[in-house]
Amino acid sequence: MIVSKAFWKIVLKNISSIITPTIILLLFGAISVSSTSSTSQFEAAEPSIVIFNHDENIGLTKNFIEYIDKHAEIKTDYEDDDRLKDALFYENVIAVVDIPENFHSDMTFNHNPEVKIRSSAGYSAELAKTMISRYLTTASAYAKTNISEQELISKIDAQMENSVEVSIDKAVDTSKYAKAERYFNFASYSILSCFITIICLIMSAFNRTQLRKRNLISSMDIKKMNRVLLKNCCLYSLAAWAFYFALSIFAIGADIMLTQYGLLFALNSLLFAGCATSIAYFISTFALDASAVNGVQIVIALGSSFLCGAFVPAQYLPDSVLAFAHVLPSYYYINANSKIAGLEAFDFDALLPILIEFAIVIGFSVLFIFLTNIVAKKRQKIA
């Protein structure tokens, strides 16, 4: 009882460490909701596509570009790569198609040239990629019959004529669950920040040399005290997670959060909260002082958020950054959020990629618990 009272007294004393990341979350959440505000108006729209043609504009290459032009709006004013990335981010451009050198001859002789496609996120981009992929698949299939380039073009045109013209029914709210995804991505910073700060400050208070020596000579069982501390850490984490989930209902809306999608977002954030608790408990074994705790919290919470795509979507981060992000649990948490937002069915095959991300986050939790036990035992021997 005494340990629990002391625990929650320290929590209340450091309440500002919870309020600050919460305000940041609400601020980002408000921006996210306003940027994906929903309306009931729909409009048919062709996808905006940028083409970089590295081949001659003849034969099959010319036919491919004409096909895209027939089903999409080709943009020609994005030569600067940074400007193009911004256009993809804000969905002014849906996709970028890079046609390689010798495309027309390689395709004719069935050498399978690689056409690189960069796209924004969302339903519109998937439709655009499907439309382009359909042409390339058809061309590749006919190329296997060893016909001339002109015959190949004729057969492709005939096949494309049999299909319904591709257009995108685009709502002003392009993704119903995009704002929930962004909110919970931003929440990764808030969860890491307030969990690491509070749990580490509490544990450092109980691990102070004088207090620890006093506890050792007292009638209190140290193992029992550690169990009580761990239980209260878990209760604090659960309460903080419930608070952030309640905020999501307020910020995003019950019509989204109280659905199957909302429950998956909630479960993902709960697993991540458990992982954040294990990380915080591991850090606390090093008995850091208050200033060191704040420094560690900034490095881990902010660093993970920037590297893993909480603040900037992962698709716009350099490959080298994403390669490093794979060693951080935030990457898999944010990846799961993205997959939940794009979920179209709730069968096992559709849920399996999300469950794999869940399992990896749980694996990180187990790893940090294991490391905590090792470090704690070594510190006991030293003491």
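Coordinates for the structure precede this section.
Being a predicted model, the structure only gives us computed values, none of them experimental.

Conventions and cut-offs
Residues numbered from 1 in each chain as written. Predicted model: local features only at pLDDT ≥ 70, side-chain atom pairs only at ≥ 80, totals over all residues. Heavy atoms only, no water. Helix = DSSP H or I, 4+ residues; strand = E, 2+ residues; numbered from the N terminus. Buried < 20%, exposed > 50% of the residue type's maximum accessible area, 1.4 Å probe, protein only. Salt bridge = Lys/Arg side-chain N within 4 Å of Asp/Glu carboxyl O. 1 Å grid on protein atoms, 1.4 Å probe; cavity = no way out; pocket = protein on both sides within 12 Å on 5 of 7 lines; lining within 4 Å. Points joined across faces, edges and corners; volume = space filled by probe spheres on them. Nonpolar A, V, L, I, M, F, W, Y, C, P; charged D, E, K, R; others polar. Axes fitted to C-alpha atoms, helices over the stretch in contact; angles between N-to-C directions. Parallel < 35°, antiparallel > 145°, perpendicular 65-115°, else oblique. Left-handed = near helix turned anticlockwise from the far one by under 90°. Contact = heavy atoms within 4.5 Å.

### A look at unusual backbone geometry
Comment: phi is negative for the bulk of residues other than glycine, and the bulk of peptide bonds are trans.
Inference 1: Here Asn 110, not a glycine, exhibits a phi torsion of approximately 60°, which is positive.
Inference 2: Turning to its location among the elements, Asn 110 is positioned in the loop between α5 (103–108) and β5 (116–119).
Inference 3: Given a relative accessible area of 25%, Asn 110 falls into the partly exposed group.
Inference 4: If you check the backbone angles, Asn 112 has positive phi at about 50° while not being a glycine.
Inference 5: Looking at where Asn 112 falls in the secondary structure, it is placed in the loop between α5 and β5.

### Notes on the pattern of salt bridges
Inference 1: A full pass over the atoms with the stated rule returns four salt bridges.
Inference 2: Among the ionic pairs, Lys 75 bridges to Glu 73, the shortest N-O distance being 3.7 Å.
Inference 3: Relative accessible area serves as the criterion here: at 23%, Lys 75 is assigned to the partly exposed category.
Inference 4: Where Lys 129 meets Glu 126, a salt bridge forms, and the shortest distance between an N and an O atom there is 3.3 Å. In this pair, Lys 129 and Glu 126 both sit in helix α6 (residues 123–143), three residues apart, roughly one turn of the helix.
Inference 5: With relative accessibility at 28%, the residue Lys 129 sits in the partly exposed group.
Inference 6: Here Glu 126 falls in the partly exposed class, since its relative accessible area comes to 42%.

### Remarks on empty space enclosed by the protein
Inference 1: For the structure shown, the criterion picks out one cavity of 30 Å³ or more.
Inference 2: If you go around the largest cavity, the residues you meet are Phe 184, Ala 187, Ile 191, Trp 241, Tyr 244, Phe 245 and Ser 269.
Inference 3: For the lining of the largest cavity, the secondary structure elements donating two or more residues are α8 (178–206) and α10 (222–252).
Inference 4: Of the residues in the lining of the largest cavity, the class split is six nonpolar, one polar and no charged.

### So, the packing of α8 against helix α13 (residues 290–308)
Any two packed helices are characterised by how steeply their axes cross, that is the angle between the axes, and by the distance between the axes.
Inference 1: For the pair α8 and α13, the least separation of the axes is 9 Å and the interaxial angle reads 160°. By the criterion of interaxial angle, the relationship of α8 to α13 is roughly antiparallel. Read as a crossing pair, α8 and α13 show a hand that is right-handed. Two secondary-structure elements touch here, α8 through Ser 188, Tyr 189, Leu 192, Ser 193, Ile 196, Thr 197, Cys 200 and Leu 201 and α13 through Ala 290, Val 293, Asn 294, Gln 297, Ile 300, Ala 301, Leu 302, Ser 304 and Ser 305.

It is worth stressing that arrangement in space is one thing and function is another; only the former is reported here.
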